Amino acid sequence: MPNANTDNPSALSQVQHHAVSELLRVSPAADDLARRFQEAGFSLALVGGSVRDALLGRLGNDLDFTTDARPEDVLRIVRPWADAVWEVGIAFGTVGVQKDARVGDTVQRFQIEVTTYRSEAYDRTSRKPEVSYGDSIEEDLVRRDFTVNAMAVALPEKQFIDPHHGRDDLDARVLRTPGTPQESFSDDPLRMMRAARFAAQLDFEVAPEVVAAMKEMAGRIQIVSAERVRDELNKLLLSAHPRKGLTLLVETGLAQYVLPELPALRLERDEHHRHKDVYDHTLIVLEQAIALEEGGPDLTLRLAALLHDIGKPRTRRFEEDGRVSFHHHEVVGAKMTKKRMAALKYSNELVKDVSRLVELHLRFHGYGTGEWTDSAVRRYVRDAGPLLERLHKLTRSDCTTRNKRKATALSRAYDGLEERIAQLQEQEQLDSIRPDLDGNQIMEILGVRPGPVVGQAYQHLLELRLENGPMERDEAVTALKEWWSAQD
């Protein structure tokens with residue numbers, strides 16, 4: 001396999017040669033597609049993250065290609081070949097393709113993007129990139145975000161192209177930009193967040209000159225749409241090393257623009273050092289929550305862990321006895337969470353779930369370490385609803401004390417709560433607690449029509465149900481009539 005980068009005397013290592021060969025072996029669709037482009041008089045190359053991931057041994061079934069064909073030509077070539085085609089990104093030169101291809105004894109589904117050689121840049125006020133098409137792969141690669149994403153394999157001749165020494169940076173596990181970082185971040189300020197995201201995903205270091213440019217240009221992130229910022233933040237949070245990326249966002253000043261509540265947690269410690277570093281505590285809670293995940297990364301849980309204490313800076317008080325308090329920081333934090341997540345254009349459902357977890361994260365501690373009453377257990381389960389399992393994980397993760405005795409006591413206390421929930425679950429359907437009489441029965445017994453009074457009666461019976469557990473019908477009817485008599 002020849003190396004198209006004649007300026008780089010080092011040839012592909014045996015491992016890298018094998019990685020690219022393996023990529024092409026498991027992706028017969030790549031060669032098939034390349035031949036179609038060649039027959040139409042165009043070039044095609046596997047590019048960017050696909051080449052990087054192949055060399056790292058982590059390639060999936062999402063493949064990125066670049067070509068000198070214009071989008072209308074790409075559509076003409078892929079439509080007879082693809083199982084499905086998407087034009088969502090065509091304004092930016094990208095055509096999406098789905099193709100099922102046989103790999104060995106199995107048929108695999110490939111998600112493919114073919115993008116015309118391009119360059120893109122922001123002006124000082126725009127939130128969208130201005131796209132112009134290029135005519136060479138070298139021109140395309142120099143516009144890419146980082147050198148490890150600026151490598152390509154030209155097909156079908158299988159020529160490795162690495163004009164910016166991305167392979168060396170991949171070996172060194174470092175993120176650099178093909179040109180100057182200032183030029184790169186000026187072209188697309190979102191690349192500053194991508195630096196943090198890739199550091200978190202790949203566990204790479206960011207080159208000092210890149211970090212310096214991020215600090216210098218952090219304010220430029222404000223021209224990027226909230227949706228694009230949110231998507232990068234999600235990828236960072238769902239990565240293997242989110243702490244690394246979040247730390248970079250805070251240290252470069254980017255977090256001040258995209259998630260200002262996070263750097264605000266770096267509270268000045270009081271003179272007696274009576275409270276822990278809330279920022280460091282938050283990152284530890286996030287890591288501990290991740291360790292408790294089951295079935296893959298959980299964005300709801302990770303966001304809740306990250307935001308659970310953001311109400312502390314606004315509620316911090318220095319008491320007369322020298323203690324530091326944060327009264328009702330969970331309530332304040334829930335409101336702040338809603339506001340920040342809404343600004344980042346998260347879905348209403350996700351905003352509701354994360355803010356609810358933030359609001360409930362201290363509920364367990366409100367009951368102390370004593371025996372939980374049945375009523376307390378019912379209310380805990382009722383208030384958590386479908387978020388109960390996540391609340392379990394968040395509450396356990398929130399213990400970061402170095403005092404082993406205290407940590408063990410808290411863990412045992414929560415074990416006790418979960419045992420109480422399990423015991424009551426066997427006796428009652430805690431996750432669907434309802435009054436012993438429904439709305440129709442209430443109206444029939446009281447002889448009233450639909451209206452506010454029915455809801456009030458229903459709520460009264462629900463409170464009785466939570467407090468005392470299930471009642472027989474006669475007991476419930478008596479309780480309802482007693483309540484009704486008291487309304488006069």
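Parameters and conventions
Residues numbered from 1 in each chain as written. Predicted model: local features only at pLDDT ≥ 70, side-chain atom pairs only at ≥ 80, totals over all residues. Heavy atoms only, no water. 1 Å grid on protein atoms, 1.4 Å probe; cavity = no way out; pocket = protein on both sides within 12 Å on 5 of 7 lines; lining within 4 Å. Points joined across faces, edges and corners; volume = space filled by probe spheres on them. Helix = DSSP H or I, 4+ residues; strand = E, 2+ residues; numbered from the N terminus. Nonpolar A, V, L, I, M, F, W, Y, C, P; charged D, E, K, R; others polar. Core = buried A, V, L, I, M, F, W, Y, C linked by side-chain atoms within 4.5 Å. Buried < 20%, exposed > 50% of the residue type's maximum accessible area, 1.4 Å probe, protein only. Contact = heavy atoms within 4.5 Å. Expected span 1.5 Å × (residues − 1).

1. Some details on the layout of surface pockets
In step 1: Roughly 1,600 Å³ of internal volume is contained in the largest pocket.
In step 2: As for the largest pocket, its lining consists of 46 residues, and the residues nearest its centre are Asp-64, Glu-113, Arg-118, Arg-194 and Lys-235.
In step 3: In terms of residues, the lining of the largest pocket owes the most to one element, helix α8 (residues 190–202), which gives five residues.
In step 4: Here the residues of the lining of the largest pocket are counted per class, giving 12 nonpolar, 12 polar and 22 charged.

2. Notes on the nonpolar core
In step 1: Phe-37, Phe-65 and Leu-246 are the most contacted members of the largest nonpolar core, which totals 117 residues.
In step 2: Counting residues per element, this core draws most heavily on α8, at nine residues.
In step 3: Once residues within four sequence positions are removed from consideration, Leu-246 is found in contact with Leu-233, Leu-236, Leu-237, Leu-262, Tyr-279, Leu-283, Leu-286 and Leu-306.
In step 4: The next biggest cluster of nonpolar side chains, apart from the first, holds 13 residues, and it includes Val-454, Ala-457, Ala-476 and Ala-479.

3. Some remarks on helix α2 (residues 28–39)
In step 1: In a regular helix each residue adds 1.5 Å, so 12 residues correspond to 16 Å; α2 covers 17 Å between its end C-alpha atoms and thus fits that length.
In step 2: Listing the buried residues of α2 in full gives Ala-29, Ala-30, Asp-31, Leu-33, Ala-34 and Phe-37.
In step 3: Tucked into the core, α2 has its buried residues touching β1 (44–47), β2 (62–67), α4 (71–78), β4 (94–103), β5 (106–116) and β8 (152–155).
In step 4: Phi for Gly-41, located one or two positions after α2, is positive at around 90 degrees.

4. Focus: empty space enclosed by the protein
In step 1: Scanning all chains against the criterion turns up one cavity of 30 Å³ or more.
In step 2: Approximately 30 Å³ is the volume attributed to the largest cavity.
In step 3: Lining the largest cavity, in full, are Leu-233, Leu-259, Leu-303, Leu-306, Leu-307, Arg-340, Met-341, Leu-344 and Tyr-346.
In step 4: Mapped by element, the contributors of at least two residues to the lining of the largest cavity are α14 (299–307) and α16 (329–343).

5. Some thoughts on the environment of Asp-73
In step 1: Relative to the helices and strands, Asp-73 is located in helix α4.
In step 2: When the C-alpha atoms of Asp-73 and Phe-42 are compared, they prove to be 9.2 Å apart, with 31 residues separating the residues in sequence.

6. Some remarks on unusual backbone geometry
In step 1: Backbone torsion omega between Leu-155 and Pro-156 reads 5 degrees, so that peptide bond is classified as cis.
In step 2: Structurally, Pro-156 is set in the loop between β8 and β9 (159–161).
In step 3: Residues other than glycine seldom take positive phi values, yet His-165 does so here, at roughly 60 degrees.
In step 4: Here His-165 shows up in the loop between β9 and α6 (166–172).
In step 5: Judged by its relative accessible area of 34%, His-165 is partly exposed.
In step 6: For Arg-173, which is not glycine, the phi torsion reads 55 degrees and is therefore positive.
In step 7: One can find Arg-173 in the loop between α6 and β10 (174–175).
In step 8: Using a relative accessible area of 37% as the deciding quantity, one classes Arg-173 as partly exposed.

No statement about biological role is implied by the geometric values presented.
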